[in-house]
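Residue-level listing of the chains:
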Amino acid sequence: MPADTLFAVEFGVSISPGPRRVRVPLEPLAGAGLVEIWQSNGAVVTGDSGGIRFSNDDHFLAGVIEVAERDHGGIASATAFAYRAIAAFQAASAFPYLLRTWNYFDAINVGAGEDERYRGFCAGRVLGLESLHQAQHPAATVIGRRDGQRVLQVYWLAGREPGVALENPRQVSAYLYPRQYGEISPTFSRAMLVTPELLLISGTASIVGHASRHVDSTGGQVQEILANLGTLITRARQLAPALSPHLGRHTLLKAYLRNRGDLAVVEESLRSRLPPGMPLLVLHGDVCRAELLVEFDCVQAAG
Ligand code: 3EB
C-alpha cells in the first residue's frame, strides 16, 4: 500500500485484511475492484489497542473494530460493547472527535417490531456512546449483510477538531424520528463537515420528513435520494461555499442495493443525472428499513 494511504476500504469476499485496511464482505454489483482510499497528509502511524486497529496522520484517525455477536449475547449487546470500546479509545486519543462511522452486520431486518435487529443495533449504539461526551452525533452508515456471519463491523474516522454536524432540511433528524420507527432513535447526523473542503454525508435513503417514499420503485427512490443529497449540499454550502455545488467529479458515490435485479434501474437513473465517467460502486446490501431498496454514501469535496 502506498505510504500516503491512511486507510483503505475494500469490498467483496476475496481480499485479505491487513494493517491500514478493512474488508467489507458486501458483493460489488458494479465497480468491482474499486477501493476506497483515504489519503494521508504526512506520516502515518498504525497500532492496535483493545481490539481496535487504527492508523492516523497528524490530523485524522481511522479505526476498525469487529465484534462477534455470540461473545456478547446478540446484536444489541455486541453493538454496545463495540461503541463502549470506541468511546474509551477515542476519549484517550489525541483525536477525540468521532466524525463518521460505517456499520455492517448480518440480517439487519430480521425480527419484528422492537425485536428487529436494526433496532437492537440502535439501542446498543446509544448505550455504548453514553460515555462519549460529544455534543454532535457523527455521520453514519448502517447496512445489512446477508452472509450469515454474525460479526458486527464498525470502521470510523475521528479528528482532532469537532467538525460541524449538519441536518437535511428535507428530512426529520433521525434522532427525532417518531416512535413508530423504534423506541430508541438512530443517533446520527445527516452529514459532517470535516473541513470547509470536505463533506461526509451519511447513508442517504428515500426518506422525506420521516416517511419512506416510492416503496414500489427503485428508480423513484434513487431520484429522491439525489434530491436529498442536493438539498444537503446546498445547506452545507451556506457554511462551506468552496464545496462543489453539483454531483460530479468532486463527488464519491457508493450505492447499497437490496435486490441485485435492480442494478440496471439504478445505473440508468444515475447515469441520466451524473456526468459520464464517474466511478460508481454498487454493493449488494440491505437498508435498515425493510421497504427501502437503495441507499447512497456520498463524499462531496471542494471544486
Ligand atoms: C435513514 O435515513 C436511513 O442508523 O446510523 C441511514 C444512515 C440510516 C445511518 C444509522 C440509518 C443510519 O433513517 C437509514
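Provided above is the structure to which this section pertains.
The shown structure was predicted, so the numbers you read here are calculated from the model rather than taken from an experiment. (Residues numbered from 1 in each chain as written. Predicted model: local features only at pLDDT ≥ 70, side-chain atom pairs only at ≥ 80, totals over all residues. Heavy atoms only, no water.)

Notes on the site of the ligand
Here's step 1: Every residue close to the ligand is listed here: Tyr 118, Arg 125, Ala 140, Val 142, Tyr 177, Pro 186, Phe 188, Arg 190, Gly 203, Ile 207, Cys 288 and Glu 295.
Here's step 2: A distance of 2.7 Å is found between an oxygen atom of the ligand and a side-chain nitrogen or oxygen belonging to Arg 125.
Here's step 3: Tyr 177 has a polar side-chain atom sitting 2.6 Å from an oxygen atom of the ligand.
Here's step 4: When the ligand sits alone it has 350 Å² of accessible area, and the protein chains cover 99% of it. (Near = heavy atom within 4 Å. Polar contact = N/O pair within 3.5 Å; in protein donor to acceptor, adjacent residues only side chain to side chain. Areas by Shrake-Rupley, 256 points an atom, 1.4 Å probe, with all protein chains shown as cover.)

Re the sheet that holds strand β3 (residues 28–30)
Here's step 1: Read across the sheet, seven strands follow the order β3-β17-β16-β18-β13-β12-β11 without closing on themselves; strand pairing throughout is mixed. This sheet does not close on itself; its edge strands, each paired only once, are β3 and β11 (164–166). Pairs of neighbouring strands in the sheet enclose a mean axial angle of 20°, with direction left out of account.
Here's step 2: On the sheet, helix α3 (residues 218–239) packs against β11, β12 (191–195), β13 (198–204), β16 (251–257) and β18 (294–301) and is oriented at approximately 25° with respect to β18. (Pairing = 2+ DSSP bridges. Helix = DSSP H or I, 4+ residues; strand = E, 2+ residues; numbered from the N terminus. Axes fitted to C-alpha atoms, helices over the stretch in contact; angles between N-to-C directions. Contact = heavy atoms within 4.5 Å.)

Thoughts on the packing of α3 against helix α4 (residues 263–271)
Here's step 1: Packing of α3 against α4 brings their axes to within 9 Å, and their N-to-C directions diverge by 40°. Classed by the angle they form, the pair α3 and α4 counts as oblique. Of the two elements, α3 crosses α4, and the hand of that crossing is right-handed. Between α3, through Thr 218, Gly 219, Val 222, Gln 223 and Leu 226, and α4, the contact on the second element is made entirely by Val 265, Val 266, Ser 269 and Leu 270.
Here's step 2: Taken together, the residues of the contact of α3 with α4 sort by class into five nonpolar, four polar and no charged. (Parallel < 35°, antiparallel > 145°, perpendicular 65-115°, else oblique. Left-handed = near helix turned anticlockwise from the far one by under 90°. Nonpolar A, V, L, I, M, F, W, Y, C, P; charged D, E, K, R; others polar.)

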